[in-house]
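If you want the building blocks of each chain, they are given just below.
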Amino acid sequence: MISKENDTMTQWIDVCAADALEPDDVIRFDHEGQTFAVYRTSDDAYCATDGLCTHEQVHLADGYLEGRIIECPKHNGRFDIMTGAAKGAPACIDLATYPVKVADERVLIGLG
Amino acid sequence: MSIRRIVIIGAGATGTAATRALRASGFDGALALIDGEGETPYERPALSKSVLTDAADPPVLLDAATIAREAIDLVSGIPAAAIDRAARCVTLANGPAISYDRLLIATGATPRRLTLPGAERVYYLRNLADARAIRTRLVPGAAIAIVGGGLIGLELAASARRLGCAVTVIEAAPRILGRAVPARLAAAIEARHRASGVAFHTSATIASIDGAGLRLDNDAWIGADAVIAGIGVVPETALAGAAGLALDNGIAVDAAFATSDSAIFAAGDCCALPHRLFGTARLRFESWRVAGDTGACVAATLLGVARPFDAVPWFWSDQYDETLQIAGMPQFGARIVERATGTAAPMLFHLAADGRLVAAAAFGPAGAIGRDIRIAERLIAACAHPAPEDLADPSRPLKVLLRGTVAA
């Protein structure tokens, strides 16, 4: 696997202050017409996926995060936030994932 | 006895979930799925919404590639005609019989029918053919009468309004949604429909129907180009009953789906089962997720390890851009605690007499209510006794209440 970290095409976009996202929490982040969900797990890993459920285009950041699984607030579709994999009906299409890093107390998402 | 041949009757949410779960758990014997309907197995929730409003095809439950990969013998378009318990085989309507070591009945439910003069003109919504027939009548400007202010009737009302129809809902009870939804939320839902131009007649009984409309018992006349009824469903028990299986408001099963025949199991809308959270009487759930959950759960039992169904029942109903969600069983509550959500109606928590949380219900945009309903579902599963003041105070995150609970 090619590390996104070293991909010179990746642009690191500022999301929020690191402490604005609590452990076991998710926030919505909009950038240039796209919406993302950015997560901090209970063991302090950060990650990001597409922001809308692949089933009916609802913001996943309004959903419930339990461990590595985000549940869509509308129909309970579930996804693994680390891999984007759809984990339960009615969601059957995976989410895209994006690299996230923390630098200088800021959360950054890698796009492009 | 080794289990080498499993037959499933019904290719809805339950039957297809069971086939997937059987293969996922390593069952490599013969697996036949009998689908009398003859469509590619599909999701029903879309039938009252996008199939009507966007002429969309419903999402597919089991596509041809999966059927081939998982080696599922799909019998499509030929209903099961009889179960021969002595010979352990299912006879198809066109003659052949399929033998089983274990049989799963997942025949679902059928709409309850009106019986009154003109009833033959009434449309019902259960399957894809029904939805296609109804779609031809929902043309802009058409007057549509919907009999029954339940979930299906109201979803139909919202879709018909979206398509530009004039909609009247006729409900026999004093209020809509009497069976499954707390009055406080039903009022908010009715107000939402009225704001979109839906007319309601409650405590209204229909005397007769003709090609121009329907007449109520009080002699009032409601003009209608088409009449659609959503007055509940009855479990589809004909095959089971004819085979002599015990019935109890559905095919009678225990918590792990066993019928009165040790080789036959039943799951989904066709059966009634006890649930560890809600007493000992058998219940019917009639929801999409429970249908799928039970289908996945029964796979273990079919393979010889009885696994009781213990997931918290949950359903949604999308109407306009809002959604009703209920986790648990409100009818087991003794008191209601309200929590403001910033939407038109509060979230309602139903507590049993001993303070145990048995249900949570809300209506509003999914993003405003979905997360807290999810958390409530976990509290219900854990038999939590949350403090009413914590539930009532929107400044106290529900998630905190989950700490210290252990999933039972």
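Residues numbered from 1 in each chain as written. Chains lettered and ligands numbered in written order. Predicted model: local features only at pLDDT ≥ 70, side-chain atom pairs only at ≥ 80, totals over all residues. Heavy atoms only, no water.

To keep it simple, the criterion reads: UniProt positions are given in the numbering used here, feature names are shortened, and annotations may be inferred rather than shown by experiment.
Naming follows an unreviewed UniProt entry, where chain B appears as FAD-dependent oxidoreductase of Acidiphilium iwatense. Quoted verbatim from the Cofactor (unreviewed entry) heading of the UniProt record, the comment on chain B is "FAD".

Going by what an unreviewed UniProt entry lists, chain A is known as MocE family 2Fe-2S type ferredoxin and is assigned to Acidiphilium iwatense. The record in UniProt for chain A states the following under Cofactor (unreviewed entry): "[2Fe-2S] cluster". We quote the UniProt Sequence similarities (unreviewed entry) comment for chain A here in full: "Belongs to the bacterial ring-hydroxylating dioxygenase ferredoxin component family."

### Structural notes on the nonpolar core
Residues and elements named next belong to chain B. So the rule is basically this: Among buried residues, the Ala, Val, Leu, Ile, Met, Phe, Trp, Tyr and Cys ones that are joined through side-chain atoms within 4.5 Å form a nonpolar core. Using a 1.4 Å probe on the protein chains alone, a residue whose accessible area is under 20% of its type maximum counts as buried, one over 50% counts as exposed, and one in between counts as partly exposed. Numbering goes from the N terminus for both helices and strands, where a helix is a DSSP run of H or I of at least four residues and a strand is a run of E of at least two. A domain assignment, automatic or from a database, supplies the domain bounds used here. Contacts are residue-level and defined by heavy atoms, with any inter-residue pair within 4.5 Å sufficient.
One finds I34, I83, L103, I105 and F349 to be the most contacted residues of the largest nonpolar core, which totals 80 residues. Considering each element in turn, this core owes the most residues, 7 residues, to helix α9 (residues 366-381). Two domains each put at least three residues into this core: domain 1 (5-110 + 233-302) and domain 3 (321-402). Among residues more than four places away in sequence, those in contact with I83 are I9, C89, Y100, L103, I105, L239, A243 and I264. Listed in part, the 40 residues of the second largest apolar core include L125, V169, F315 and Y320.

### So, empty space enclosed by the protein
Empty space left among the atoms is revealed by rolling a probe the size of a water molecule over them. All names here are of chain B. Formally: Whether a set of points on the 1 Å grid over the protein atoms alone is a cavity depends on a 1.4 Å probe fitting there but being unable to get out, while an open set qualifies as a pocket with protein on both sides within 12 Å along at least five of seven lines; lining residues are those with an atom within 4 Å of a point. Grid points are joined across faces, edges and corners, and a volume is the space filled by probe spheres set on the points. Three residue categories are used. Nonpolar comprises Ala, Val, Leu, Ile, Met, Phe, Trp, Tyr, Cys and Pro, charged comprises Asp, Glu, Lys and Arg, and polar comprises the others, including Gly.
Under the counting rule described, the total for this entry stands at 1 cavity of 30 Å³ or more. Size it by volume and the largest cavity reaches roughly 60 Å³. As for the largest cavity, its lining consists of G268, D269, C271, L273, R284, F285, E286, V290, A291 and T294. For the lining of the largest cavity, the leading source of residues is helix α8 (residues 288-302), giving 3 residues. Taken together, the residues of the lining of the largest cavity sort by class into 5 nonpolar, 2 polar and 3 charged.

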